[in-house]
Amino acid sequence: MRAAYASAINPDDPLAGLIVGERPDPVPPGPDWVTVDVRASALNHHDLWSLRGVGLPAKRLPMVLGCDAAGVDPAGTEVVIHAVLDDPADPRGYSLLSERLPGTFADRVAVPRANLVPKPKELSWAEAACLPTAWLTAYRMLRTGRVDEADAVLVQGAGGGVATAAVVLAVALGKRVYATSRDAGKRARIAELGAIAVESGVRLPERVGVVIETVGAPTFPHSLKCAAHGGRIVVSGATGGAEATVNLRRVFALQLEILGTSMGTATELAELATLCAERGIRPVIDTVFPFARARDAFARLESGAVFGKLVLDHTA
Ligand SMILES: NC(=O)c1ccc[n+]([C@@H]2O[C@H](COP(=O)([O-])OP(=O)(O)OC[C@H]3O[C@@H](n4cnc5c(N)ncnc54)[C@H](OP(=O)(O)O)[C@@H]3O)[C@@H](O)[C@H]2O)c1
């Protein structure tokens, strides 16, 4: 079958180890597993981390990459795949597709039956494929930050998949949403999604109840300054660096909460899919590439120019 996989680890040049070629069909490792025919998959920064060796040691290569997909199960049901696998061998208690077992950038992927969520008919294959990682993470981040209690939300690094998802979801929930970007073009586009776009690091006109942080070290001091008394800074990523400076005086004086979260449950993915279908919410897609051009999609992700999700069309 066709697959995009990691053949080597290269921390400095992640695309050097990427091959778009052929791999054997996946073998379901247990009776409760099924093989899904993939119709569309979506890239995440996780796939670049994997090629850099973060979470994917060389001894597990070759490894089919990809966490996100939508496709058709053996019964002919249209499904979205939840990428989180129970994994007692991992310190987190779970691993993601493409970390220990082959991922979604292939014509077929084996997953536990319990990881299948119905695909809403209102969403296209490409839109449904965007939900399992970035969108699920953003959904969980807003819930973890108790967004219902907040009037205003700040989202850092507006172009990323998680960030655009957080903006769209928070706007749909009726919040006043500020979004930072270093790039004027991305600020213009995030404003079109209903956010108040601001330059990275610039003082906001008000303090916010929830900050959505996936950039890390470059933006974390600003996140602390922007949080209102009792505010929640929710962290799920550190694209720009994990060693952030934290002004502890601000943390205790304003009684801030710094909350970490990762991914979400299959139940939350199903809730998110239903929310999107019922409220007309659609993932922001930067580009859909035919599967054969997976390398171009990876190059665009690495360039940092992306706004929203990069999708691979497996039917093309
Ligand atoms: N824990 C989880 O479950 C989970 C799930 C999904 C993602 N993540 C993590 O979340 C992060 C975001 O992932 P993603 O796929 O949404 O997108 P991404 O490609 O990592 O994010 C791109 C955005 O990050 C900002 N950025 C990157 N480097 C920066 C720097 N040095 N200074 C300031 N801003 C910078 C950019 O903002 P501007 O160019 O707009 O300024 C850009 O729009 C990743 O680290 C990923 O691993 C974690």
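Everything below is about the structure shown above.
Just so it is clear, the structure is predicted and the values come from calculations on it, not from any experiment. (Residues numbered from 1 in each chain as written. Predicted model: local features only at pLDDT ≥ 70, side-chain atom pairs only at ≥ 80, totals over all residues. Heavy atoms only, no water.)

(A) Quick peek at the layout of surface pockets. One number sums up the size of the second largest pocket: a volume of about 190 Å³. Every residue lining the second largest pocket is listed: G201, V202, R203, L204, P205, E206, R207, H222, K225, C226 and R250. Classifying every residue of the lining of the second largest pocket gives four nonpolar, two polar and five charged. (1 Å grid on protein atoms, 1.4 Å probe; cavity = no way out; pocket = protein on both sides within 12 Å on 5 of 7 lines; lining within 4 Å. Points joined across faces, edges and corners; volume = space filled by probe spheres on them. Nonpolar A, V, L, I, M, F, W, Y, C, P; charged D, E, K, R; others polar.)

(B) View of the site of the ligand. Around the ligand, the surrounding shell holds 24 residues, and the nearest of these are H45, V162, S181, T239 and M263. For the ligand, an oxygen atom lies 2.7 Å from a polar atom in the side chain of H45. Between an oxygen atom of the ligand and a side-chain N or O atom of S181, the distance comes to 2.6 Å. Protein burial of the ligand: of its 910 Å² of free accessible surface, 86% is covered by the chains. Elements that contribute at least two residues to the shell around the ligand include exactly α1 (45-52), α3 (131-144) and α4 (161-172). Partitioning the shell around the ligand into residue classes produces seven nonpolar, 15 polar and two charged. (Near = heavy atom within 4 Å. Polar contact = N/O pair within 3.5 Å; in protein donor to acceptor, adjacent residues only side chain to side chain. Areas by Shrake-Rupley, 256 points an atom, 1.4 Å probe, with all protein chains shown as cover. Helix = DSSP H or I, 4+ residues; strand = E, 2+ residues; numbered from the N terminus.)

(C) Inspection of the environment of V162 at higher detail. The residue V162 is located in helix α4 in this model. A sequence separation of 21 residues divides V162 from M141, and the C-alpha atoms of the two residues are 9.5 Å apart. Excluding residues that lie within four positions of it along the chain, V162 makes contacts with A134, T137, A138, M141, T214 and S236. (Contact = heavy atoms within 4.5 Å.)

(D) Quick look at the packing of α1 against helix α9 (residues 294-303). Between α1 and α9, the shortest axis-to-axis distance is 10 Å and the interhelical angle comes to 95 degrees. Judged by the angle between their axes, α1 and α9 are roughly perpendicular. The residues of α9 that touch α1, namely those facing H45, D47, L48, L51 and R52, are F298, L301 and E302. Looking at the contact of α1 with α9, its residues break down into four nonpolar, one polar and three charged. (Axes fitted to C-alpha atoms, helices over the stretch in contact; angles between N-to-C directions. Parallel < 35°, antiparallel > 145°, perpendicular 65-115°, else oblique.)

So yeah, pure geometry; function would need other evidence.
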